[in-house]
Amino acid sequence: MNSERDSETTFDEDSSQPNDEEVPYSDDETEDELDIQPAVEPEQNRINREVEATRETLRKDCNWQVKANDRAFHEQPQFMKTEYLCLKKSKYAGNAIKTYKYNPITFLPLNLFEQFKRAANFYFLVLLILQTIPQITTLSWYTTLIPLLLVLGITAIKDLVDDVARHRMDNEINNRNCDVIREERFINAKWKDIKVGDVIRLGKNAFVPADILLLSSSEPHSLCYVETAELDGETNLKFKMSLDVTDRYLQEERALAAFDGLVECEEPNNRLDKFTGTLIWKGRRYGLDADKILLRGCKIRNTDVCHGLVIFAGADTKIMRNSGKTRFKRTKIDSLMNYMVYTIFILLILVSAGLAIGHTYWEQQIGNSSWYLYDGKDYTPSYRGFLNFWGYIIVLNTMVPISLYVSVEVIRLGQSYFINWDLQMYYPPKDTPAKARTTTLNEQLGQIHYIFSDKTGTLTQNIMAFKKCCISGETYVQQVNSDFSWNMYADGKLTFHDQYLIEKIKQGKEPEIRQFFFLLALCHTVMVDNSDGELNYQAASPDEGALVTAARNFGFVFLSRTQNTITISEMGTVKTYDVLAILDFNSDRKRMSVITREPNGAIRLYCKGADTVIYERLHRNDPQKQTTERALDIFASETLRTLCLCYKDISNEEYEAWNKKFMAASVALRNRDEALDKVYEEIEQNLILLGATAIEDKLQDGVPETISKLSKADIKIWVLTGDKKETAENIGFSCELLTDETTIYYGENISALLQTRLENQKNRTGSNANSSHGDNENFFPPGGNRALIITGSWLNEILLEKKKKKKKLLKLKFPRTMEEKQKQMESKRRAELNKEQQQRNFVDLACECNSVICCRVTPKQKAMVVDLVKRYKKAITLAIGDGANDVNMIKTAHIGVGISGQEGMQAVMSSDYSFGQFRYLQRLLLVHGRWSYIRMCKFLRYFFYKNFAFTLVHFWYSFFNGYSAQTAYEDWFITLYNVLYSSLPVLLVGLLDQDVSDKLSIRFPSLYILGQRDLLFNYRKFFISLFHGVVTSLIIFFIPYGAYLQTMGEDGEAPSDYQSFAVTAASSLIIAVNFQMGLDTSYWTFVNAFSIFGSIALYFGITFDLHSSGIHVLFPSAFQFTGTAPNALRQPYIWLTIILSVAICLLPVVALRFLTMTIWPTESDKIQKNRKKYKAEEETWRRRPSVFRRGVSGRRSAYAFSHQRGYADLIASGRIIRRRRASLTAVLGNNLAEVRRAEEAS
């Protein structure tokens, strides 16, 4: 792996480098919040500035006032806002959420309004009105009304079903229960009835119904543990803590009911990590921050009871604000189809105008002089031509296929059910089937260019597993299954397979091994909780929890801790150690240490951390350096996360001297963290290495294989995550987005490249405005495997999204001159152009890389990256995630996919498709997506063809009827052609057709490229269909016309009347278009064959019925072709004519298909030809196991600590420890006596 790092030019010479570990500013951050103050300033100036800033912030931002237990307060006039003219409504949203579109009253008018916004539906409504005008119509009104009602009805039913599902989901959430104070006591209420200002009570495992201020809880100092899987997909616990004053006074129900505090805070916004406000209570003001707020969607964990004050409800909550706008998504084919319909409109108008002009000329030359054609109306030829223009608009209306849209909806609905029913996308452990949550985007799944994926919970399981370790230079790896039955505390979940290591631990002959696991049980900030007689660990990061659990299984069990002691069971012997100091982790230190006093009085420091920082602090003569480093290389090559363990003995004198510095740094008023880090550095020197651990950040099953398959389908995968750069890079190697051959570029590398390109473009623009040379130059030489890893801070810097501090200078406001205004506008315009060009350059550069990983990005930045690729690459995008922080990205992409079956369901609720595992994405795209695209393209090409072939017969007939807008067919045939006679075969092809099987689709991902390049349906294909339809209509009209020109039947009667001609042409057309569908069918089933021959039989059956004398007697005006079909179709001559017409239509197509497949076969044709061979191979083929990259790697997969500091501050201050030390009986049971003895001995 080649890592290219340099810290050359950035955009602002005077600006500091972006911090890779820092999540950039939030979406709604104000300018003042971004102000960077100098590192050193006079103390009094600092105090004055903070006071002034606080006042300014309160004046500007804290407009949101919440009064506890006082609903009337929020209904005051100053809190009302105007809606719908004079109607006023409180600015405080209710807690009910609404995602549905209709209610029983608005469904019909709104749905009809939406449907008639479609150009085709509105066109047919106008056409229906025109058909009621006798002067211009030559077609009965029902020929348009029946198909139109069918289209509107089917679409309305589909919309109704979708909306009912949304109603059910909303009701399920809104009707959840929670305890709310009413009339001075807690009563059970529904979520939808909660209002801002209510005081609520939540129990363990309850979801938080709104954004609430934590008032108190059953934990010490009113701590509250929450799980944020709904927000970010992470299952590790985070803690919140209330104000001391509310913790002391608001524990009882009576006190909570009497609470009348006033909260002044910021307006609702989407900043998940920030909150600014003040609680005013009993004449005093208390500052509030994000650590005291529980957000909607969080889940209460390991906290029996907590109480809170509702600050934001419903649509005002941060999770709802982060969900972004719901965008109406349309497929690329939809847009293309609409443009083609507009093209047909134009063709229709031109053809109708041409025929109307022909009728005007015919009237002038022939019609006026033919007395037998006089109709009693003295219209001028030009007026008759004008009326015939509208007549032809009606006659040729089937060029714009009314049933096209409803047929498309039926096909999409069927494809959605196939996705829902696919058992190969069902995830049994979570009982989660795949779900198509929309029915309008299926074929778009076959055209994806870019996939944007979250990491945690999407690519990974967010589960850490202890896999291997190296102790004293010896590596312990998988051999045979291990037996932990000797350990009463083993959780039964560890799958470590080296019994040799366990035997060594039991024997105790190698003290370094026991010391290794003792360190894991001691050096951490994990908290323990006992519930139902089981030990449950609460860790600030999953990695730390995995290590403590591993130590537990190997016999070193962390049992309990107090403010300054920790109790551990060492191979059944319980001991308590004094904890003298906890040197906590942060992102710069990349390590943590614990200083303890042993029962014998000795002081020892235990340390664990990333190998890069530990090796710098080891004793120079440490004997384990080389062997452990070789083990680290092996672990890294297997994409395991590594961690080094070490210790150091400290004398009493050394500790006392260091402790004085430590205490002084702990109470420093300024730069406390930096002072503590400096003191930590002094003691963490000359360490002795014990060994290294290897943890697997478990990927979901099949992730590397899925990414490999999708890459072969020319789909690029970008990972967008809020995780640290090291963690994201490690996962990139694990899932094989990155390899040792990959050249990795970072933010500092591409910053210089982009700045140089932008300057060159400016220079070229200045010197030669017409020169575009260089704009399309590549950033990198062709070939090679490249990847880009960029953090959110660098992303803002590069994309010029970084907010600038406004200079606050005292200026006299003079009216600006017009010249100054123009200069300012020109400056803004240049800045916008530079920003747009820079963003375009970034997208071009990123797209030259094989993979892109964006880390430490906010939800808004995720959506921004997706939008940039959509905007500048015009590519089809797919976003996949599982948390609320992915919702904005999911809604921005053309297609959004949610991972369901996890704790968080926000992403699923906002997605278009959902399933249980990332690996199902390859089947969704390569099978369902590709099939849907092929089917839809084939359907559209055939649909346009059959309608042109049907409609243009009227055009040719016009040359023989004086351009009089007379139809070439019977009215009922025109009505039923698209509804019954030709609809079923094409619908079944759109639903069932497949060029190759699902297994071959996955085996040959390159088949997917057809959809990405739009090769199966485009304007070229459209005009080919138009040409094919024109040729077919010519044959359908002129062969019967030539056959009827001078003909006599067997009975001596001439069958060459208009009605017999209409039946012959219609019969030829029905047989030709249905057989043409048979030629286009790749996957034959009984249903397809039945539909083709059944449609032909249905046509003849209905035609004979409609031409019978019985129905003519009942409805003489509606059925005028009495006896035509029986009389005409008994003539062999007419059957020969029909056969000749069909043969001439189809034989050239058969010949062309044969030549194409023989001389220019597609990849699909080749696979079809060899499908039997591939099937035989599949039966003997066995999937090869995934092969890890062996040998020395150029990188180390770093241990991932928590994103924030751990629980060390809480432990050291005692705030996390219960006031009365809990009895260990519940934890230890019969071992209580041993604990007592250990405490006495210590």
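For the protein chain, the name recorded in an unreviewed UniProt entry is Phospholipid-transporting ATPase, with Anolis carolinensis as its organism. Under Cofactor (unreviewed entry), UniProt gives the following word-for-word description of the protein chain: "Mg(2+)". In its Subunit (unreviewed entry) section, UniProt records this for the protein chain: "Component of a P4-ATPase flippase complex which consists of a catalytic alpha subunit ATP8B1 and an accessory beta subunit TMEM30A. The flippase ATP8B1:TMEM30A complex can form an intermediate phosphoenzyme in vitro. Also interacts with beta subunit TMEM30B."

**Q** For this particular structure, what's the right way to read the overall build of the protein chain?
**A** A tally of regular secondary structure across the protein chain gives 42 helices and 36 strands. Here the protein chain holds 1242 residues, and the buried ones make up 55% of them. Considering only contacts in the protein chain between residues 6 or more positions apart, those separated by 24 or more positions represent 75%. Put simply, the protein chain shows about 56,600 Å² of open surface, and 55% of that area lies on carbon and sulfur atoms.

**Q** I would appreciate a short explanation of helix α27 (residues 920–958) in the present structure.
**A** An α-helical turn contains 3.6 residues, so a residue and the one three or four places further along point in the same direction. The end-to-end C-alpha separation of α27 is 56 Å, in line with the 57 Å expected for 39 residues at 1.5 Å each. The principal kink in α27, of about 30°, is found at G929. Among the 39 residues in α27, 38 count as buried, and that is most of the element.

**Q** Just to check I follow, could you spell out the packing of helix α33 (residues 1058–1080) against helix α37 (residues 1132–1159) for this structure?
**A** Each pair of packed helices gets described by two things: the angle between the helix axes and the distance between those axes. Close contact between α33 and α37 brings their axes to 9 Å; oriented N to C, the two are set at 25°. Regarding the angle of α33 to α37, the classification is roughly parallel. Classified by chirality, the crossing of α37 by α33 is right-handed. For the pair formed by α33 and α37, the contact residues are T1064, S1067, S1068, I1071, A1072, F1075, Q1076, L1079 and D1080 on the first element and I1134, T1137, I1138, S1141, V1142, C1145, L1146, V1149, V1150 and R1153 on the second.

**Q** Is there a simple way to explain the sheet that holds strand β15 (residues 299–301) in this structure?
**A** Sheet strands pair by backbone hydrogen bonding; their relative direction is either parallel or antiparallel. Strand order in the open sheet formed by three strands is β10-β9-β15, and the pairing between neighbours is antiparallel. Here the strands that pair on one side only, and so sit at the sheet edges, are β10 (237–241) and β15. Each adjacent strand pair in this sheet contributes to an overall mean axis angle of 45°, direction not counted.

**Q** How should the packing of helix α4 (residues 142–174) against helix α11 (residues 403–421) be read in this particular structure?
**A** Where α4 meets α11, the closest approach of the two axes is 9 Å, and the angle between their N-to-C directions is 30°. Taken as axis vectors, α4 and α11 run roughly parallel relative to one another. Between α4 and α11 lies a crossing whose hand is left-handed. Together, L150, V151, I154 and K158 of α4 and S403, V406, E409 and V410 of α11 make up the contact between the two elements. Class assignment for the residues of the contact of α4 with α11 results in five nonpolar, one polar and two charged.

**Q** Is there a simple way to explain a positive patch on the surface in this structure?
**A** A grouping of K81, K89, K98 and K195 is seen on the molecular surface, where their side chains present a positively charged patch. Here K195 lies in the loop between β6 (185–190) and β7 (199–203). In this structure K195 comes out as partly exposed when scored by relative accessible area, which is 38%.

Criteria and cut-off values
Residues numbered from 1 in each chain as written. Predicted model: local features only at pLDDT ≥ 70, side-chain atom pairs only at ≥ 80, totals over all residues. Heavy atoms only, no water. UniProt positions renumbered as here; feature names shortened; annotations may be inferred. Helix = DSSP H or I, 4+ residues; strand = E, 2+ residues; numbered from the N terminus. Buried < 20%, exposed > 50% of the residue type's maximum accessible area, 1.4 Å probe, protein only. Contact = heavy atoms within 4.5 Å. Areas by Shrake-Rupley, 256 points an atom, 1.4 Å probe, with all protein chains shown as cover. Expected span 1.5 Å × (residues − 1). Bend = angle between axes of the 7 residues up to and from the residue. Axes fitted to C-alpha atoms, helices over the stretch in contact; angles between N-to-C directions. Parallel < 35°, antiparallel > 145°, perpendicular 65-115°, else oblique. Left-handed = near helix turned anticlockwise from the far one by under 90°. Pairing = 2+ DSSP bridges. Nonpolar A, V, L, I, M, F, W, Y, C, P; charged D, E, K, R; others polar. Patch = residues over 30% accessible without salt bridge, like charges linked within 9 Å, V, L, I, M, F, W, Y side chains within 5 Å. Salt bridge = Lys/Arg side-chain N within 4 Å of Asp/Glu carboxyl O. Lys, Arg positive; Asp, Glu negative; His and termini not counted. Charge placed at Lys NZ, Arg CZ, Asp CG, Glu CD.

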